[in-house]
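So the chains spell out like this:
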Amino acid sequence: MMMELIFSDSAKKELGDMTRDLKPVFLKHFEKIKIMPLRRHMKYGIPYHVENVTRQARIIYHIEDEVIYILHCFKNHKEYERWYRSYK
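Residues numbered from 1 in each chain as written. Predicted model: local features only at pLDDT ≥ 70, side-chain atom pairs only at ≥ 80, totals over all residues. Heavy atoms only, no water.

Enquirer: Would you mind going over the overall build of the chain in detail, with residue names and values included?
Expert: Assigned secondary structure in the chain consists of three helices and five strands. Its C-alpha atoms give the chain a radius of gyration of 12 Å, within 12% of the compact-globule value 12 Å for 88 residues. The dimensions of the chain, computed from C-alpha atoms along their principal axes, are 35 × 35 × 25 Å. Each of the 88 residues in the chain was classed as buried or not, and the buried ones make up 41%. Counting only contacts in the chain whose residues sit at least 6 apart along the sequence, the fraction spanning at least 24 positions is 49%. Carbon and sulfur atoms provide 54% of the accessible area of the chain, an area that totals close to 5,800 Å². (Helix = DSSP H or I, 4+ residues; strand = E, 2+ residues; numbered from the N terminus. Rg over C-alpha atoms; globule rule 2.2 N^0.38 Å. Buried < 20%, exposed > 50% of the residue type's maximum accessible area, 1.4 Å probe, protein only. Contact = heavy atoms within 4.5 Å. Areas by Shrake-Rupley, 256 points an atom, 1.4 Å probe, with all protein chains shown as cover.)

Enquirer: So what's going on with the pairing of strand 5 (residues 67-74)? Which residues, and what values?
Expert: Of all the eight residues making up strand 5, seven are buried; the element is thus mostly covered by neighbouring parts of the structure. From the end of strand 4 (residues 58-64) to the start of strand 5, which pair antiparallel, there are two residues, and Asp65 there has a positive phi angle of about 50°. (Pairing = 2+ DSSP bridges.)

Enquirer: Describe the pattern of salt bridges, naming the residues involved and giving the relevant values.
Expert: Overall, the coordinates contain four salt bridges when judged by the stated rule. We note a salt bridge from Lys13 to Asp17, for which the minimum N-O separation is 3.0 Å. Under the relative-accessibility criterion, Asp17 is labelled partly exposed at 44%. (Salt bridge = Lys/Arg side-chain N within 4 Å of Asp/Glu carboxyl O.)

Enquirer: Report on the sheet that holds strand 2 (residues 40-41), specifying residues and quantitative values.
Expert: Strand order in the open sheet made by the five strands is 1-5-4-3-2, with mixed pairing throughout. Two strands close off the open sheet at either side, each with one partner strand: strand 1 (4-7) and strand 2. When strand 3 (residues 49-52) meets strand 4, the two strands line up antiparallel, connected through four bridges. The partner of His49 across the bridge, within strand 4, is Tyr61. On the sheet, helix 1 (residues 9-16) packs against strand 1 and strand 5 and is oriented at approximately 45° with respect to strand 5. (Axes fitted to C-alpha atoms, helices over the stretch in contact; angles between N-to-C directions.)

Enquirer: A description of the environment of Ala57 should follow, citing residues and the corresponding values.
Expert: Within the fold, Ala57 resides in the loop between strand 3 and strand 4. Using a relative accessible area of 0% as the deciding quantity, one classes Ala57 as buried. Taking the C-alpha atoms as reference points, Ala57 and Glu79, 22 residues apart in sequence, are found 9.0 Å from one another. Once residues lying within four places of it in the same chain are set aside, the contact partners of Ala57 are Phe26, Glu51, Asn52, Phe74, Lys75 and Asn76.

Set out below in structure tokens:
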């Protein structure tokens, strides 16, 4: 069963700012998430899931009622850590 993906404004902007070689890697992971959505849940009570795209890149998403909300698409670990620390 494939679920619907909805992208937040910030995820759309982050994807738009990516390099040409990184975008296809993210697109593959979006397809993977649509088929098998539940991956790794974030720690510290953060109500989202995280998908590692590369060693540095991450997708942050939330699942609700057969819909997957893509919240962020971080192209490097520095951006991800900055966002992650704001929740701790």
